[in-house]
Amino acid sequence: MIEAVGLTKRYGDKTAVYNLSFQVRPGAVTGFLGPNGSGKSTTMRMILGLDNPTAGHVTIGGHPYRKLPNAARHVGALLDAKAVHGGRAARNHLLSLAQLSGIPARRVDEVLGVVGLQDVAKRRSKGFSLGMGQRLGIAAALLGDPQVLLFDEPVNGLDPEGIHWVRNLMKALAAEGRTVFVSSHLMSEMALTADHLIVIGRGQLLADMSVTEFISANSADFARVRTPDSEPQLREKLTGALTEAGGHVLPEQDGALRVTGLPLPRISDIAHGSDVRLWELSPHQASLEEAYMRMTQGAVDYRSTADQKAGLQQPLPPGAQPPMPVPGQGQPGWYAPPPPQQGGQPFAAAQGAPGHAPAGPYGAPAAPGAPPANPYAAQQPPRPSGPAAPAPAPPAASPAPLPASAPVTNPTKPEDAR
Amino acid sequence: MATAQVVRSEWTKIRSVASTVWTLSLAVVVTIALGMLISALSKSEFDGMSERDQLAFDPTFISFAGTSLGQLAMIVFGVLVVGNEYSSGMIRTSLAAVPRRGSFLFSKIAVATALAFVVAMITSFATFFLGQAMLGDLKASIGDPGVLRAVIGGGLYMTLIAMFSMGVAAMLRSPMLSLGILMPFFFLISNILGNVPATEKVGRFLPDQAGSRIMQVVTPVDDDVPYGPWGGLGIMVLWVIVSLIGGYVVLKRRDA
């Protein structure tokens, strides 16, 4: 059991971790998620007593790490796979660590076998691939057969077989009643591995809940609406009407609309009211990855901007037209319910006022960290039927989607993207 | 018991990297070869020396001429033993396994010092006897007054230089930085400070200037150095203690 209370770490005036309190319980894999630079590794180092917290404290089994008797027999950690002397053979590296905690040399050969490095045991770790380095680091963590295990980004650089192996290893370790604390920046990986999630952003706790809770609390539902492809004006009309009714509408690449903020029956009513036929009206759930992105987007330190390539472009000859962008390409942020804003800053307005500010046809997203109350969540279970049902299904023979529809319904995009 | 484990682990670490063998054998070869060369040159030039120089001729000290270069290899050894933990990031793995940082650092230094001591003593005796062999009839005998002290002192000097470097590396936490400071310091700056009249009085208290006094058997004419052979070595020991305490404090206080 790892327990952090009010953990805070400052480097100069930069706060890496702020007032972090959480518990990591035995018998489960606890995922530690956060974007790059959110303080995951700093927290791990504080747990291991390598960094001293500026405030607060963290204990393992009730003791601060530095006070643990024979710590290596209780706690095993993989912090940085590259943190080995490249000139030392893998076996000697592990042997020196084993001797530190009085572990017999026999155990070294055992863990080498567990991680599958027995054939390269005598080779210098300098020549190891990233994946082999990770395996060596995992071997070091397993040496003392510890009850508490910490892994910082263990699947980095592993091949699919290796990722699968790590996943099963962690589940097996947790099933034996051990405390397993794994950091990652990949939500999808954690969704498969972890039982419990601790999400941090900018060093602060964003979520501490089980994976199932996280999914139900964070994966915003949305409705997919498709109007007849042959009549793009209907799409525009519906977009206007839905926005007016308080919904957020995001055009999808294939010409459908992604609607949030309105229950399905209401969308159908509005479509009916504005005399728009629907070809599709279906409920959807955003993926866990999207939920995680939405939760942390306000807390991302390093974010790329759209590459304008202005520094490479030659001045256009007078009278020449700039090339038109291809619809749907180079537009940032097709993934998350809070839709892109104008220009290359998809989330710039996310911190601003919710509601539909002058944010173009997409509407504006809710503030990050506080996902909007999901209108479907309450209203979905009683499935609508009869008059509120989706619009009558059209004949099956549907024309191929018109490639031109996206730029037509979305007049701001081509200009804004450049 | 816990310390014995750390010592054993440090021994595994030190014997399992190639740099240990390279730096130590370089120290042996350079010290002996240069000592023999300078001894041979001194013998052939002895007849051309002034009477004053002939009077101050110190065959023991001459045979230790190679230490000025050989000590640089010892410095590299000391720096790499400690500094590699930092440059490789191994320090975090090590400290996660040994949360008591004092016992980690001093076990490491103890193991490296023991190894350096053995190598330095062998080097010192070898360089003395081989150097004397080059000096022919000018040679000193190990039984002469002060000579055995000088030869043992030569080994102690090389050991202390390595220890001093370990302390500095623990303070600076980077092998490159440590070498960048220690190498020019011991190769150039200390010699300049010790030989320029204006700074001579300060320079002679620097670790290598004070420590190398132990290798002298014949005191130079009108010598005004305020300490004797063991006093000089004592000054060097003080420097070593300061650097080790500094390294310990840095390791204890700072984040790994």
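What you see is a predicted model; the values in this text were computed from it and never measured.

**Some details on the domain arrangement of chain A**
Examined at the domain level, chain A breaks down into domain 1 (2-217) and domain 2 (220-284). The gap between the C-alpha centroids of domain 1 of chain A and domain 2 of chain A is 46 Å.

**Considerations on the pairing of strand β6 (residues 148-152) of chain A**
Residue and element names in this part refer to chain A. Among the five residues that make up β6, five are buried, leaving the element largely enclosed by the rest of the structure. Neither face of β6 is open: one carries V148, L150 and D152, the other L149 and F151, and all of them are buried. With four bridges joining them, strand β5 (residues 75-78) and β6 adopt parallel strand pairing. Residue pairing across strands places L78 opposite F151, the latter belonging to β6. Direction of pairing for β6 relative to strand β7 (residues 179-184): parallel, over a ladder of five bridges. Pairing of V148 across the sheet is with T179, part of β7. In this view, the connection linking β6 to its parallel neighbour β7 by way of helix α6 (residues 160-175) has right-handed handedness.

**Topic: the interface of chain B and chain A**
With 23 residues of chain B at the interface, the matching set in chain A holds 30 residues. Contributing elements (two or more residues each) for the side of chain B that touches chain A: α1 (2-15), α2 (18-45), α5 (67-88) and α6 (90-97) of chain B. The residue makeup of the side of chain B that touches chain A, split by class, is 10 nonpolar, nine polar and four charged.

**Comments concerning the UniProt feature "transmembrane region" (unreviewed entry) in chain B**
Residues and elements named next belong to chain B. UniProt marks residues 21-41, 61-83, 104-130, 150-172, 179-198 and 230-251 with the feature "transmembrane region" (unreviewed entry), using the numbering shown here. The annotated region residues 21-41 carries 100% helix and 0% strand content, and the separation between its end C-alpha atoms amounts to 30 Å. Helix makes up 95% of residues 179-198 and strand 0%. Its end C-alpha atoms lie 27 Å apart.

**Side note on the environment of B:V118**
Turning to its location among the elements, B:V118 is positioned in helix α7 (residues 101-135). Taking the C-alpha atoms as reference points, B:V118 and B:G234, separated by 116 residues in sequence, lie 20 Å from one another.

Here is what the cut-offs are and how they apply
Residues numbered from 1 in each chain as written. Chains lettered and ligands numbered in written order. Predicted model: local features only at pLDDT ≥ 70, side-chain atom pairs only at ≥ 80, totals over all residues. Domains from an automatic or database assignment. Buried ≥ 20, exposed ≤ 12 C-beta atoms within 10 Å, placed from the backbone. Helix = DSSP H or I, 4+ residues; strand = E, 2+ residues; numbered from the N terminus. Pairing = 2+ DSSP bridges. Right-handed = clockwise from strand over helix to strand, strands pointing away. Contact = placed C-beta atoms within 7 Å. Nonpolar A, V, L, I, M, F, W, Y, C, P; charged D, E, K, R; others polar. UniProt positions renumbered as here; feature names shortened; annotations may be inferred.

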